[in-house]
Amino acid sequence: MKILVLNSGSSSIKFQLFKMESEESICRGIIEQIGEELGHVKFEYAGKSIKKEVKIPSHQDGTEILESLLIDNGVIKSFDEIGAVGHRVVHGGEYFSEPIVIDKDVIRKIEEISPLAPLHNPVNLMGIRAILSLSPKTRQVAVFDTAFHQTIPKHAYTYALPYSFYRENFVRRYGFHGTSHYYVSKMGAKILGESLENCNFITLHLGNGASACAVKNGKSVDTSMGLTPLEGLVMGTRSGDVDPAIIFYLSRELGLNIKELDSILNKKSGLKGICGTNDLREIQTRVEEGDELAKLALEIFCYRIKKYIGSYFAVLGSVDAIIFTGGIGEHSNIVREKVCKNLKETFGIEIDPEKNSQNESLINSSGSKVKLLVIPTNEELEIAKQTFRMVR
Ligand code: ADP
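Residues numbered from 1 in each chain as written. Predicted model: local features only at pLDDT ≥ 70, side-chain atom pairs only at ≥ 80, totals over all residues. Heavy atoms only, no water.

Caption draft 1: Local environment of the overall build of the protein. What the protein contains, in helices and strands, is 16 helices and 13 strands. For 392 residues, the compact-globule estimate of 2.2 N^0.38 gives 21 Å, and the protein sits close to it at 21 Å. Considering only C-alpha atoms, the protein reaches an extent of 60 × 55 × 45 Å along its principal axes. Taken across its 392 residues, the protein has 50% of its residues classed as buried. In the protein, of all internal contacts separated by at least 6 residues, the share reaching a separation of at least 24 is 60%. (Helix = DSSP H or I, 4+ residues; strand = E, 2+ residues; numbered from the N terminus. Rg over C-alpha atoms; globule rule 2.2 N^0.38 Å. Buried < 20%, exposed > 50% of the residue type's maximum accessible area, 1.4 Å probe, protein only. Contact = heavy atoms within 4.5 Å.)

Caption draft 2: Local environment of the sheet that holds strand β8 (residues 139-144). The 8 strands are arranged β5-β4-β3-β2-β1-β6-β8-β7 in an open sheet whose pairing can be described as mixed. Strand pairing shows two members of the sheet lacking a second neighbour, β5 (48-54) and β7 (100-101), which therefore form its edges. By the bridge criterion, 6 bridges tie strand β6 (residues 82-89) to β8 in an arrangement that is parallel. Considered in β8, the bridge of V85 is made with Q140. (Pairing = 2+ DSSP bridges.)

Caption draft 3: Spotlight on the site of the ligand. Within the structure, the ligand sits among 13 residues, and N208, D279, L280, G327 and H331 are positioned closest to it. In this structure, N208 approaches the ligand through a main-chain N or O atom, which is 3.0 Å from an oxygen atom. I328 places a polar main-chain atom, nitrogen or oxygen, 3.4 Å from an oxygen atom of the ligand. Compared with its free state, where it exposes 580 Å², the ligand has 66% of that area covered by protein. For the shell around the ligand, the secondary-structure elements that each account for two or more residues are α10 (280-288) and α12 (326-331). Here the shell around the ligand gets 4 residues from one element, more than from any other, and that element is α12. Looking at side-chain class alone, the shell around the ligand contains 2 nonpolar, 9 polar and 2 charged residues. (Near = heavy atom within 4 Å. Polar contact = N/O pair within 3.5 Å; in protein donor to acceptor, adjacent residues only side chain to side chain. Areas by Shrake-Rupley, 256 points an atom, 1.4 Å probe, with all protein chains shown as cover. Nonpolar A, V, L, I, M, F, W, Y, C, P; charged D, E, K, R; others polar.)

Caption draft 4: Geometry of the sheet that holds strand β11 (residues 219-223). Strand order across the open sheet formed by 5 strands is β11-β10-β9-β12-β13, with mixed pairing between neighbours. Two strands bound the open sheet, and with one partner strand each, they are β11 and β13 (371-374). Taken pair by pair, the neighbouring strands of this sheet meet at an average axis angle of 25°, ignoring direction. Here strand β9 (residues 201-206) pairs with strand β10 (residues 210-216) via 6 bridges, running antiparallel. (Axes fitted to C-alpha atoms, helices over the stretch in contact; angles between N-to-C directions.)

Caption draft 5: Region of interest: the environment of P122. When you line up the elements, P122 lands in helix α3 (residues 121-134). On the accessibility criterion, P122 (32% relative accessible area) is partly exposed. Distance from P122 to E345, taken between C-alpha atoms, is 48 Å for residues 223 residues apart in sequence.

Caption draft 6: Representation of the nonpolar core within the structure. Membership of the largest hydrophobic core comes to 42 residues, with the highest contact counts inside it found for I309, I322 and V335. The set of elements that each furnish at least two residues to this core consists of β9, β10, α9 (270-275), α10, α11 (292-316), β12 (321-325), α13 (333-340) and β13. The element best represented in this core is α11, accounting for 11 residues. Here V335 is in contact with L206, L280, L298, F301, C302, I305 and I328, once residues within four sequence places are set aside. (Core = buried A, V, L, I, M, F, W, Y, C linked by side-chain atoms within 4.5 Å.)

Caption draft 7: Representation of helix α6 (residues 178-192) in the model. The end-to-end C-alpha distance of α6 is 21 Å, a good match for the 21 Å that 15 residues give at a rise of 1.5 Å each. Among all positions in α6, only G178, T179, S180, H181, Y183, V184, S185, G188 and A189 are buried. With its phi angle positive at about 70°, G193 sits one or two positions after the end of α6. (Expected span 1.5 Å × (residues − 1).)

Caption draft 8: Seen up close, the pairing of strand β1 (residues 2-8). The element β1 is largely enclosed, with a buried count of 5 among its 7 residues. A loop of 4 residues connects β1 with strand β2 (residues 13-19), the two strands running antiparallel in sequence. Relative to β6, β1 runs parallel, the two sharing 5 bridges. The partner of L4 across the bridge, within β6, is V85.

Caption draft 9: Quick peek at the packing of aromatic side chains. Counted by the stated rule, this structure contains 9 aromatic pairs. Between F313 and F347 the ring centres are 4.6 Å apart and the planes differ by 55°, which places this aromatic pair in the tilted class. Residue F313 is found in helix α11, and its partner F347 is found in helix α14 (residues 344-347); the two are separated by 34 residues along the sequence. Using a relative accessible area of 11% as the deciding quantity, one classes F313 as buried. Counting every residue linked through ring pairs, the aromatic cluster contains F15, F43 and Y45. Stacked on the ring of Y95, the Lys or Arg K109 has its end atom at 5.1 Å from the ring centre. Sitting over the face of the ring of F388, R392 holds its NZ or CZ atom 4.8 Å from the ring centroid. (Phe/Tyr/Trp six-rings, centres within 6.5 Å; stacked < 30°, edge-to-face > 60°. Lys NZ or Arg CZ within 6 Å of the ring centre and 35° of its normal.)

This is how it looks when you write it as structure tokens:
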């Protein structure tokens, strides 16, 4: 069966087609600048890379372009060959702890949850509706970023705010990157030769967005992102944890309004806020050149991760492995080394510098009690697998 995975953004549709029997990726691409003067299409198939510029007024037009890309390049003869479409949906609220086959009721619920993820859920729905009108009979499945974290216990997901905010306004920790944390946990268990139910992990998804997850017996029991993806680790442009009173202070002192503060915390903070760029490769280069602000940004980034490792050790009691993933987790030996430094005595964590610099998948020293794993994440494949499981 062929499964098409869609990740719809406000002005883009990222897609990848899988053949599920072999779990192989057949083709992938991105349709960008939807709704702008000129749109861009990138498509990779059978070693070929195609780029086009074309006006793409809406997501509906985007999916029609996607259909023609697949047919014109001989990937499929008709859209009917697609067994199902799996959609990444950012927020499932408390409704969804599992992927689900999309029907009218599911669409209504995703809509209902939209105030919790106003930048994501409505555009995820655009993708769903576009496929619905392109091919009404094709089965569609929603896979939620929040679903894996629905096992977090109440004392860990409830904020110490007036309880009515939870009961009436759904304010609680939801967590994100769930598909990635779950995927690397499964892969980690495989590498250790254990079943996932027997594993305790701290998973670190370190990309432009970054989050940590405490996985106990294969289930998420805590995670660093909260009601929104702003809480927790330092990210490319997001602050992560800050004293909430800073917001009131800045509002009073600088007269900033809610919208401006939202933009500062989400888009102008994190690595970028400190040293001017959110590209960790550039930061590493600047550190080598002796740039003080780049050094500080890197230190703050790694220090925050370290603090979460310490607290998740306390949450889990024992940890079989720490798993690094995401663009930074997979590629930056410098970050991994800093994060693991001086943790041997208390936590039994020791990195092997040689294996780490070679980006091997097992990077702990032979004396390390805790295994250290580098596992490339593959959210699209995980969405395809979950979609396949739902429609099979
Ligand atoms: P996103 O969250 O947007 O999917 P990625 O997971 O692709 O982001 O991660 C992007 C981050 O990974 C950027 O900060 C980038 O600089 C960093 N990165 C990518 N490759 C490397 C590398 N070889 N060494 C260090 N950092 C890297």
